[in-house]
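# Structural characterization, general
Okay, here's what each chain looks like letter by letter:
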Amino acid sequence: MKKVTLISITIAFMLLLYSYYNTMHRDNTNFDEDSTFLYINSSDSIVNILDTINKKIKFPKTFLKAAKRMDYIENVKSGRFRVYKGSGNKEIINSLKFNNTPLTVTFNNQERIQDLAGSISKQISADSLSLLNAFLEKNFLVENGFNNFNLISMYIPNSYEFFWNVEPKIFRDKMLEEYNNFWNEDRIEKAKSVGLSKTEVIALASIVQKESVKLDERPVISRVYLNRLKKKMKLQADPTVIYSIKSYYNNFDTIIRRVLYRDLKLNSPYNTYKIKGLPPGPISMPDISSIDAVLNSRNHNYIFFVADPYNPGYHLFASKLSQHNKNKRVYTRWLNSKKIYR
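The structure reproduced in this document is the subject of the present report. The model shown is predicted, which means the values in this text are computed figures rather than measured ones. (Residues numbered from 1 in each chain as written. Predicted model: local features only at pLDDT ≥ 70, side-chain atom pairs only at ≥ 80, totals over all residues. Heavy atoms only, no water.)

### A short note on the packing of aromatic side chains
The condition is simple: Two aromatic rings from Phe, Tyr or Trp, using only the six-membered ring of Trp, form a pair when their centres are within 6.5 Å; if the ring planes differ by under 30 degrees the pair is stacked, by over 60 it is edge-to-face, and anything between is tilted. Helix numbering and strand numbering both begin at the N terminus, where a helix is a DSSP run of H or I of at least 4 residues and a strand a DSSP run of E of at least 2. In this scheme, a residue with accessible area under 20% of its type's maximum is buried, one over 50% is exposed, and one in between is partly exposed, where area comes from a 1.4 Å probe on protein chains only. Criterion for a charge above a ring: Lys NZ or Arg CZ within 6 Å of the ring centre, and within 35 degrees of the ring normal.
Tallied over the full model, the rule gives 16 aromatic pairs. Taking the centre distance of 5.1 Å and the plane angle of 70° together, the rings of Tyr 39 and Trp 164 count as edge-to-face. Of this pair, Tyr 39 sits in strand β1 (residues 35-40) while Trp 164 sits in the loop between β4 (158-163) and α8 (168-182); the two residues are 125 residues apart in sequence, bridging distant segments of the chain. On the accessibility criterion, Tyr 39 (36% relative accessible area) is partly exposed. Centre to centre, the rings of Phe 146 and Tyr 179 are 5.4 Å apart; their planes meet at 70°, and the pair counts as edge-to-face. Of this pair, Phe 146 sits in the loop between α7 (138-143) and β4 while Tyr 179 sits in helix α8, and the two are 33 residues apart along the sequence. Like Phe 146, the residue Tyr 179 is buried in the burial classification. Taking NZ or CZ as reference, Arg 80 lies 3.6 Å from the ring centre of Phe 37, over its face. When the ring centre of Phe 140 is taken as reference, the NZ or CZ atom of Arg 172 above it lies at 3.9 Å.

As structure tokens, this is what we get:
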């Protein structure tokens, strides 16, 4: 009798042990990769959360049982959580509870703050409207010396580490911190030496970047515009005209390859054929190389330039209007020969 009882206890214990192993430690992953990410939003209901998890596991019932045992259902956290192939429920739930995994957020070449918000919203949980509202918050802009025209200057194109569920205002504040770190003592002194504020440097850099894709030429073009500013000349930068056209028609998807004489008459605070000095803000988000090209411009006396049709990507420079007009005729003939009328 005692032997039977002992066997029964042993069997019961083994069944209990197996049940525990099956619930907590048995492989419960259902994906082919070495690991995958589960994205849990703070606004998700428990039903949606379980549905998200169930798509990546084999045994939803054992997961739910383990989740209740480990008090996960009452303590769900939002975030981006890595789950490794072969993990049991205990390991999965511990990851969901404690291992919110950061990601790399990258942005560049955005023309408007709305475009930036849209780009960021595709990489983190916040939607573009909530990001835009944080970016445009009036008190924040006033306190930090920005306005609706130049606020995109604050966002230095690069790659940054964030949690997927970062709040929009926290994201914005981190970008301000990165902006202040970017403007170190050396860059600030160089900006002063060319007589520009930080936001003015970025506004000019946005024009320079649109003018040339060649990194080695950007310091030359930067000096052309700095020479013009010093002489109190209008910048007459075609990229600002193109931006003015896009802004006027509220169509930033249009492609304009040639600026026409009638375009130069467009009334816009960005049209540097009409206004004196720099536009009120960047016409795009310049990359770091363009900003540094303005701060480290190459010294020369050129005040004119036009695209070199026979050296793609580069330009023909001139210090006198007569030479510039010759260069311009070469470029115009080339445009007409290629039937580029707009």
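So that's the structure; there's more coming.
### Notes on the side chain of Glu 211
Here is the rule: Counting rule for charge: Lys and Arg are taken as positive, Asp and Glu as negative, and neither His nor the chain ends is counted. A carboxyl oxygen of Asp or Glu within 4 Å of a side-chain nitrogen of Lys or Arg is what we treat as a salt bridge. For the purposes of these results, a polar contact is taken to be a pair of N or O atoms within 3.5 Å, where, inside protein, one atom must be able to donate a hydrogen and its partner to accept one; residues adjacent in sequence count only when each atom of the pair is a side-chain atom. Note on contacts: a residue pair is in contact if any heavy atoms of the two residues lie within 4.5 Å.
Among the structural elements, Glu 211 can be located in helix α10 (residues 198-211). One buried charged residue, Glu 211, forms no salt bridge at all, with the nearest opposite charge on Arg 228 at 8.9 Å. A polar atom in the side chain of Glu 211 sits 2.5 Å from the side chain of Tyr 225. Once residues lying within four places of it in the same chain are set aside, the contact partners of Glu 211 are Ile 221, Tyr 225, Ala 237, Asp 238, Pro 239, Phe 305 and His 315.

### Quick word on the pattern of salt bridges
Taken as a whole and judged by the stated rule, the model has 14 salt bridges. Residue Glu 111 pairs with Lys 210 through a salt bridge whose shortest N-O separation is 3.6 Å. Of this pair, Glu 111 sits in the loop between β3 (102-107) and α5 (113-121) while Lys 210 is found in helix α10, placing the two residues 99 residues apart along the sequence. What makes Glu 111 buried here is its relative accessible area of 14%. Lys 210 gets classed as partly exposed once you look at its relative accessible area, which sits at 42%. A salt bridge links Asp 186 to Lys 190; its shortest N-O distance comes to 3.4 Å. Taken together, the residues span about one helical turn, with Asp 186 and Lys 190 both in helix α9 (residues 185-193) at a distance of four residues. The exposure class assigned to Lys 190 is partly exposed, which follows from its relative accessible area of 25%.

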